[in-house]
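Okay, here's what each chain looks like letter by letter:
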Amino acid sequence: MFNVVKILIIFIITISVISCKSSNNEQAKEERANAELLLLHANAAYNKNNHKLAIKLIDSIDRVYSNQIDIRRKAMKLRPRIKEQLIISEILKTDSLLVMAQISKAPSVDIYKLRIKKEKLERQLQIARNQIARMLDDNDTILIDK
């Protein structure tokens, strides 16, 4: 009787381990599909110039699907390009404000602060472009530091 109970317990443990492995495999596939879907949405948002949404989606991939390394690498390649576009749009806004302030000579607008903001944004843009250049090789594939 004792041997039958041992065999039954071993059998139940074996079945539960096998079922856990298959459910883990299915869960991993589902996580990968969800991470890929988020990356597709991030690419679509980037292409539609909705850069803030694209950054939020990439941050979500990093936070929620941290074990999906290959998807995160693809997202890592997209992030500097999104930041570059965000900075360019900020520079364009600052330039417009600077021009309007110079034309109107409005006392409420501090031209000096606008110039400093523009210079800061231009430095950030250069940093983003340098990051992109370091990450990409001639074939536009990502390089990973060793």
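Once that is clear, we can look at the pattern of salt bridges. Inspection of the entire model under this criterion finds 10 salt bridges. Close ionic contact of aspartate 70 with arginine 32 constitutes a salt bridge, the shortest N to O distance being 2.4 Å. A residue pair is termed long-range when its members are at least 10 positions apart, and aspartate 70 in helix H3 (residues 69-104) and arginine 32 in helix H1 (residues 2-47) qualify at 38 residues. Take aspartate 70: its relative accessible area is 31%, and that puts it in the partly exposed class. Given the relative accessible area of 30%, arginine 32 is considered partly exposed.

For histidine 51, the location among the structural elements is in helix H2 (residues 51-64). Overall, the relative accessible area of 8% leaves histidine 51 in the buried class.

As a further point, take H2. For H2, which comprises 14 residues, the first-to-last C-alpha distance of 20 Å matches the rise-based estimate of 20 Å (1.5 Å per residue) to within 8%. His51, Ala54, Ile55, Leu57, Ile58, Ser60 and Ile61 are the residues of H2 that are buried.

Bringing the nonpolar core into the picture now. Among the nonpolar cores identified, the biggest contains 16 residues, and Ile58, Leu78 and Ile82 are the most heavily contacted of them. Listed by contribution, the elements that provide at least two residues to this core are H1, H2 and H3. For this core, the leading source of residues is H1, giving six residues. Sequence-distant contacts of isoleucine 82, defined by excluding residues within four places in its chain, comprise Tyr46, His51, Ala54, Ile55 and Ile58.

Rules of the game
Residues numbered from 1 in each chain as written. Predicted model: local features only at pLDDT ≥ 70, side-chain atom pairs only at ≥ 80, totals over all residues. Heavy atoms only, no water. Salt bridge = Lys/Arg side-chain N within 4 Å of Asp/Glu carboxyl O. Helix = DSSP H or I, 4+ residues; strand = E, 2+ residues; numbered from the N terminus. Buried < 20%, exposed > 50% of the residue type's maximum accessible area, 1.4 Å probe, protein only. Expected span 1.5 Å × (residues − 1). Core = buried A, V, L, I, M, F, W, Y, C linked by side-chain atoms within 4.5 Å. Contact = heavy atoms within 4.5 Å.

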